[in-house]
Amino acid sequence: MSDPVAHQGPAASDPASAAENVEYRVAHLHDRLAAEELAELGVRAEVRAGAVAVTGTVPSVQCRETLLRVVREELAGLTVHSDIVVADTTRPDHAEEL
């Protein structure tokens, strides 16, 4: 019988290498978000307690869906927690009291 860990590569057996891989993938996600159709610079992705937290505000529901699709593509196989808020751009229905 063979040892299954031996066939998984260095990232699976070396926690430091696995952490570097996650950081690299998060950095690549930031690059995609800034460069592609979204151009979302207000969204953050950070490694926290073994998972990736994606937070921020986007201008529309469509933008949120596109963002989450890109996150799923880039971070497939990782635990991801998202807290993406859609900005409320409707006009107020009453005057603000100061």
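Here, the structure is the one placed above.
Residues numbered from 1 in each chain as written. Predicted model: local features only at pLDDT ≥ 70, side-chain atom pairs only at ≥ 80, totals over all residues. Heavy atoms only, no water.

(A) Seen up close, helix 3 (residues 61–74). Compared with the 20 Å implied by 1.5 Å per residue over 14 residues, the 20 Å span of helix 3 between its first and last C-alpha is a close match. When we look at burial in helix 3, the residues that qualify are Cys63, Thr66, Leu67, Leu68, Val70, Val71 and Glu74. (Helix = DSSP H or I, 4+ residues; strand = E, 2+ residues; numbered from the N terminus. Expected span 1.5 Å × (residues − 1). Buried < 20%, exposed > 50% of the residue type's maximum accessible area, 1.4 Å probe, protein only.)

(B) Seen up close, the pattern of salt bridges. Scanning the model with the defined rule gives six salt bridges in all. Notably, a salt bridge pairs Glu74 with Arg32, separated by 2.8 Å at the nearest N-O pair. Of this pair, Glu74 sits in helix 3 while Arg32 sits in helix 2 (residues 15–35), and the two are 42 residues apart along the sequence. It is possible to trace a salt-bridge network through shared partners that takes in Arg32, Arg69, Glu73 and Glu74. (Salt bridge = Lys/Arg side-chain N within 4 Å of Asp/Glu carboxyl O.)

(C) Quick peek at the sheet that holds strand 3 (residues 80–86). Read from one edge to the other, the open sheet built from three strands follows the order 1-2-3, with strand pairing classed as mixed. Taken across any chain shown, the strands that pair with only one partner, and hence form the sheet edges, are strand 1 (44–48) and strand 3. Ignoring strand direction, the axes of neighbouring strands in this sheet form an average angle of 15°. Here strand 1 pairs with strand 2 (residues 51–58) via five bridges, running antiparallel. (Pairing = 2+ DSSP bridges. Axes fitted to C-alpha atoms, helices over the stretch in contact; angles between N-to-C directions.)

(D) Examining the side chain of Arg32 more closely. For Arg32, a relative accessible area of 16% translates into the label buried. Setting aside residues no more than four positions away along its own chain, Arg32 makes contact with Arg69, Val70, Glu73 and Glu74. (Contact = heavy atoms within 4.5 Å.)

(E) Just the environment of Thr55, in detail. Tracing the backbone shows Thr55 in strand 2. When the C-alpha positions of Thr55 and Asp83 are compared, they lie 4.8 Å apart, and in sequence the two are 28 residues distant. Not counting residues up to four positions away in its chain, the partners in contact with Thr55 are Gly42, Val43, Arg44, Asp83 and Ile84.

These figures capture arrangement, not role.
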